[in-house]
Protein chains: 2
Amino acid sequence: MIPPDTSFPISGVLFEPRRVIADSRGSVLHYLRADSPLLPRFGEVYASTVLAGQVKAWKRHQRVAQNLSVPLGRVRCVIFDARPESPTRGRLIERVLSRTEHGLLHLPPGLWYGFLGEAPGESVILNCVAEIHDPGESDRLPPDSPEIPYRWPAPATS
Amino acid sequence: MIPPDTSFPISGVLFEPRRVIADSRGSVLHYLRADSPLLPRFGEVYASTVLAGQVKAWKRHQRVAQNLSVPLGRVRCVIFDARPESPTRGRLIERVLSRTEHGLLHLPPGLWYGFLGEAPGESVILNCVAEIHDPGESDRLPPDSPEIPYRWPAPATS
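What counts, and where the lines are drawn
Residues numbered from 1 in each chain as written. Chains lettered and ligands numbered in written order. Predicted model: local features only at pLDDT ≥ 70, side-chain atom pairs only at ≥ 80, totals over all residues. Heavy atoms only, no water. Helix = DSSP H or I, 4+ residues; strand = E, 2+ residues; numbered from the N terminus. Rg over C-alpha atoms; globule rule 2.2 N^0.38 Å. Buried < 20%, exposed > 50% of the residue type's maximum accessible area, 1.4 Å probe, protein only. Areas by Shrake-Rupley, 256 points an atom, 1.4 Å probe, with all protein chains shown as cover. Lys, Arg positive; Asp, Glu negative; His and termini not counted. Charge placed at Lys NZ, Arg CZ, Asp CG, Glu CD. Pairing = 2+ DSSP bridges. Axes fitted to C-alpha atoms, helices over the stretch in contact; angles between N-to-C directions. Core = buried A, V, L, I, M, F, W, Y, C linked by side-chain atoms within 4.5 Å. Contact = heavy atoms within 4.5 Å. Buried area = accessible area lost by both parts, 1.4 Å probe. Salt bridge = Lys/Arg side-chain N within 4 Å of Asp/Glu carboxyl O. Least-squares fit on C-alpha atoms with pLDDT ≥ 70 in both. Phe/Tyr/Trp six-rings, centres within 6.5 Å; stacked < 30°, edge-to-face > 60°. pLDDT = per-residue confidence, 0-100. Disulfide = S-S within 2.5 Å.

**Digging into the overall build of chain A**
Per the secondary structure count, chain A includes 0 helices and 12 strands. For chain A, the succession of helices and strands along the chain, N to C, is β-β-β-β-β-β-β-β-β-β-β-β. A globule of 158 residues ought to have a C-alpha radius of gyration of about 15 Å, and chain A, at 15 Å, matches this closely. Expressed as lengths along the three principal axes of its C-alpha atoms, the size of chain A is roughly 45 × 40 × 30 Å. Counting all 158 residues of chain A, 54% fall into the buried class. With the model as given, the accessible surface of chain A reaches about 7,200 Å², and the carbon-plus-sulfur share is 54%. Across chain A, the centroid of the 18 positively charged side chains sits 3 Å from that of the 17 negatively charged ones.

As structure tokens, this is what we get:
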């Protein structure tokens, strides 16, 4: 077991390193197992992709934790804590997810988060959650919302 | 629901198309949910990658079904049925997994299978299985094994 990184300055956010087994043919990238406390039960696993220079933001889940991992590419993940009762309310962090430091980023519900594609082409983000997707369970804000103190780079024009 | 493709000539093998929701920023690619009969319980989800022109073969699982999906890249999957009791014993099929026809390829235990990376760079293969990985549960043969009537292309040299 690789120990979790507990240095995150937002309450409940955790980064757990995961094994990469690489050879000349490709890699095997561990992600989530049934014995992980980060996933109390299995609901759904899906992939999303973000193109180079593109932003997917902002989203907030009301009750479902996110378990993010990037098996290919490089994604900047920005997290903002606006939870009224949180000891880290008002804090914002950036974390890059890539093969360089492979692992799983756990976000408890209630946080705003968004992604920027930092690799050429398409980056892949895996997410495994404890419920089947329910669109009524999440909120959205536009990337340039004044409610969140973060400015994304202007998207690349095609 | 997209109906499953039941045209597979190997008994128990199934391809289920899955939704792709694409826009200018990237895509969302459905994969597996808790209500799928293809996954009786959650054991583990992981990613493997295969580089362009590289072969990962052959592997056979004794009791665990595989649920394969390729969110990025293009992978040729070759499957050989050597199960003694199978009505399709001796049959071999090739199936390409890519965004062009996104979905989930379900392989029951007992089949030999292998992969060839057909896209430039690295292709990603997701697998979600009903047990935590147990190396004693699978068998391997070299890519050029005479037991399987298939010749892979020679790997690209670097």
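**A word on the sheet that holds strand E7 (residues 74–80) of chain B**
Residues and elements named next belong to chain B. Pairing in this open sheet of 5 strands is antiparallel, and the strands run E8-E7-E10-E5-E12 from one edge to the other. The outermost strands of the open sheet, each flanked by one partner alone, are strand E8 (92–98) and strand E12 (138–140). Averaged over all pairs of adjacent strands, the angle between their axes in this sheet comes to 25°, without regard to strand direction. Pairing between strand E5 (residues 55–61) and strand E10 (residues 112–117): 4 bridges, direction antiparallel. Within E10, the residue paired with valine 55 across the bridge is leucine 116.

**Focus: the nonpolar core**
By size, the foremost hydrophobic cluster in this structure holds 30 residues, and its most contacted members are Val45(A) and Val45(B). Put simply, the parts of the chain that give this core at least two residues each are strand E3 (26–33), strand E4 (44–51) and strand E11 (122–129) of chain A together with strand E3 (26–33), strand E4 (44–51) and strand E11 (122–129) of chain B. Leaving out residues up to four positions away in the same chain, Val45(A) has contacts with Tyr31(A), Asn127(A), Cys128(A), Tyr31(B), Leu32(B), Val45(B) and Cys128(B).

**Some remarks on the interface of chain B and chain A**
In many analyses, interface size is given as the accessible surface area lost on bringing the parts together. Listed as interface residues are 34 residues of chain B and, on the opposing side, 35 residues of chain A. Summing both partners gives a buried area of about 3,000 Å² for chain B against chain A, and 63% of it is carried by carbon and sulfur. Together, Arg25(B), Phe42(B) and Val45(B) form the three largest contributors to the area buried by chain B at its contact with chain A, with a combined 21%. Inspection of the region where chain B meets chain A yields 2 salt bridges. The residue Arg99(A) makes a salt bridge to Glu122(B) at a minimum N-O spacing of 3.1 Å.

**Focus: the relation of the copies chain B and chain A**
You can overlay chain B on chain A at an RMSD of 0.0 Å; the transform is a turn of 180° with a shift of 0.0 Å along its axis. What the superposition gives is, in effect, a two-fold axis relating one chain to the other. Taking C-alpha positions as the reference, the residue of chain B nearest the rotation axis is Phe42(B), at 3.1 Å. Comparing interface residues between copies, 100% of those in chain B also sit at the interface in chain A, which points to an isologous, same-surface contact.

**As for the packing of aromatic side chains**
Residues and elements named next belong to chain A. Under the counting rule described, the total for this entry stands at 9 aromatic pairs over all chains. A ring pair is formed by tryptophan 58 and tyrosine 150, whose centres lie 6.1 Å apart and whose planes are at 85°; its orientation type is edge-to-face. Note that tryptophan 58 is positioned in strand E5 (residues 55–61) and tyrosine 150 in the segment after strand E12 (138–140), a separation of 92 residues in sequence. Ring centres 4.9 Å apart and planes at 75° place the aromatic pair tyrosine 150 and tryptophan 152 in the edge-to-face group. There is no split in this pair, since tyrosine 150 and tryptophan 152 are both buried.

**Some remarks on the pairing of strand E9 (residues 103–107) of chain B**
All names here are of chain B. Most of E9 sits inside the fold, with 5 of its 5 residues counted as buried. Sheet topology places strand E1 (residues 14–17) next to E9; 4 bridges connect them, and they run antiparallel. Its bridge partner lying in E9, glutamate 16 is registered against leucine 104. Taken together, the 3 bridges between strand E6 (residues 66–72) and E9 define a ladder with antiparallel strand orientation. Within the sheet, the bridge partner assigned to leucine 68 lies in E9 and is leucine 105.

**Comments concerning the confidence of the model for chain A**
On average, residues of chain A score 94 in pLDDT, and 93% of them are at 70 or above. Note on the complex model: pTM 0.93, ipTM 0.92.

**Considerations on the state of the cysteines**
In a disulfide, the sulfur atoms of two cysteines are covalently bonded to one another. Within the structure shown, the criterion is met by 0 disulfides over all chains. Cys128(A) provides the cysteine sulfur closest to Cys128(B), a residue in no disulfide bond, and the two sulfurs are 6.7 Å apart. For Cys128(B), a relative accessible area of 0% corresponds to the buried category.

**Side note on the pattern of salt bridges**
In this structure the tally under the stated criterion is 24 salt bridges over all chains. Between Arg25(B) and Asp23(B) there is a salt bridge, and its shortest N-O distance comes to 2.7 Å. Judged by relative accessible area, which is 39%, Asp23(B) ranks as partly exposed. Connected via shared salt-bridge partners are Arg74(A), Arg76(A), Glu94(A) and Glu118(A).

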